[in-house]
Amino acid sequence: MKLRVYGEEEKKDPVVNLKLVQKEDGYVDLIAVNEEGEPIFSGKILKILPDGTFSRYIRVNPLLDFNIDDIGRITERNIL
């Protein structure tokens, strides 16, 4: 059984739904989508090119709550 205090809203961890979209040019976009799979405004995050390189889109929607830089790109970190 789970107990809950009446009148207090349960805190939920934010969830961002992601989708890979294949483009005719051969690249793939990683985008944020809503629960129905429809793109979110300014939800393009990454472009992945056929040669394996990627580009970060600018002006990513800040409501997605990603760490973004001064021009709205998601921040990156090198993994060793």
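Further up the page is the structure itself.
Not measured: the values here are computed from a predicted model.

Q: For unusual backbone geometry, give the residues involved together with the corresponding values.
A: One non-glycine residue, Ser42, adopts positive backbone phi at about 55°. Note on placement: Ser42 falls in strand 3 (residues 39–48). Assessed through its relative accessible area of 28%, Ser42 is described here as partly exposed. Phi is positive for Arg59, which is not a glycine, with a value near 60°. Relative to the elements of secondary structure, Arg59 occurs in the segment after strand 4 (54–56).

Q: Tell me about the nonpolar core, residues and numbers included.
A: If you look at the biggest cluster of nonpolar residues, it comprises seven residues: Leu30, Ala32, Ile45, Leu46, Val60, Leu64 and Ile74. For this core, the secondary-structure elements that each account for two or more residues are strand 2 (28–33) and strand 3. With sequence-adjacent residues up to four places away left out, Leu46 is seen in contact with Val28, Asp29, Leu30, Phe54, Ser55, Arg56, Tyr57 and Ile74.

Q: If you had to explain the environment of Val33 to someone new, which residues and values would you point to?
A: Tracing the backbone through its elements, the reader meets Val33 in strand 2. When its relative accessible area of 6% is taken as the criterion, Val33 is described as buried. Put simply, Val33 and Gly43 are ten residues apart on the chain and 7.1 Å apart in space, counted from C-alpha to C-alpha. Look past the residues within four positions of Val33 in its chain and what remains in contact with it is Asn17, Leu18, Lys19, Glu38, Pro39 and Ile40.

Q: Please set out a nonpolar patch on the surface residue by residue, giving values where relevant.
A: Together, Leu18, Phe66 and Ile68 line one region of the surface with nonpolar side chains, adding up to about 230 Å² of accessible area. Position of Ile68 relative to the elements: it lies in the segment after strand 4. Residue Ile68 is classed as partly exposed on the basis of its relative accessible area, which comes to 33%.

Q: Report on the side chain of Asp69, specifying residues and quantitative values.
A: Residue placement: Asp69 occurs in the segment after strand 4. From its side chain, Asp69 meets the backbone nitrogen of Ile71 in a polar contact 3.1 Å long. Discounting residues that sit within four places of it in the chain, Asp69 has contacts with Arg56 and Thr75.

Q: Tell me about the pairing of strand 2, residues and numbers included.
A: Along strand 2, six of the six residues are buried, which leaves the element largely enclosed by surrounding structure. Taking every second residue as pointing to the same face, both faces of strand 2 are buried, with Val28, Leu30 and Ala32 on one and Asp29, Ile31 and Val33 on the other. Here strand 1 (residues 17–22) pairs with strand 2 via six bridges, running antiparallel. Bridge pairing in strand 2 places Leu18 opposite Ala32. Between strand 1 and the antiparallel strand that follows it, strand 2, lie five residues; Gly26 among them carries a positive phi value of about 100°. Pairing between strand 2 and strand 3: five bridges, direction antiparallel. Its bridge partner being in strand 3, Val33 is matched across the sheet by Pro39. Counting the residues in the hairpin turn of strand 2 and strand 3 gives five residues, including Gly37, whose phi is positive at 85°.

Here is what the cut-offs are and how they apply
- Residues numbered from 1 in each chain as written.
- Predicted model: local features only at pLDDT ≥ 70, side-chain atom pairs only at ≥ 80, totals over all residues.
- Heavy atoms only, no water.
- Helix = DSSP H or I, 4+ residues; strand = E, 2+ residues; numbered from the N terminus.
- Buried < 20%, exposed > 50% of the residue type's maximum accessible area, 1.4 Å probe, protein only.
- Core = buried A, V, L, I, M, F, W, Y, C linked by side-chain atoms within 4.5 Å.
- Contact = heavy atoms within 4.5 Å.
- Patch = residues over 30% accessible without salt bridge, like charges linked within 9 Å, V, L, I, M, F, W, Y side chains within 5 Å.
- Areas by Shrake-Rupley, 256 points an atom, 1.4 Å probe, with all protein chains shown as cover.
- Salt bridge = Lys/Arg side-chain N within 4 Å of Asp/Glu carboxyl O.
- Polar contact = N/O pair within 3.5 Å; in protein donor to acceptor, adjacent residues only side chain to side chain.
- Pairing = 2+ DSSP bridges.

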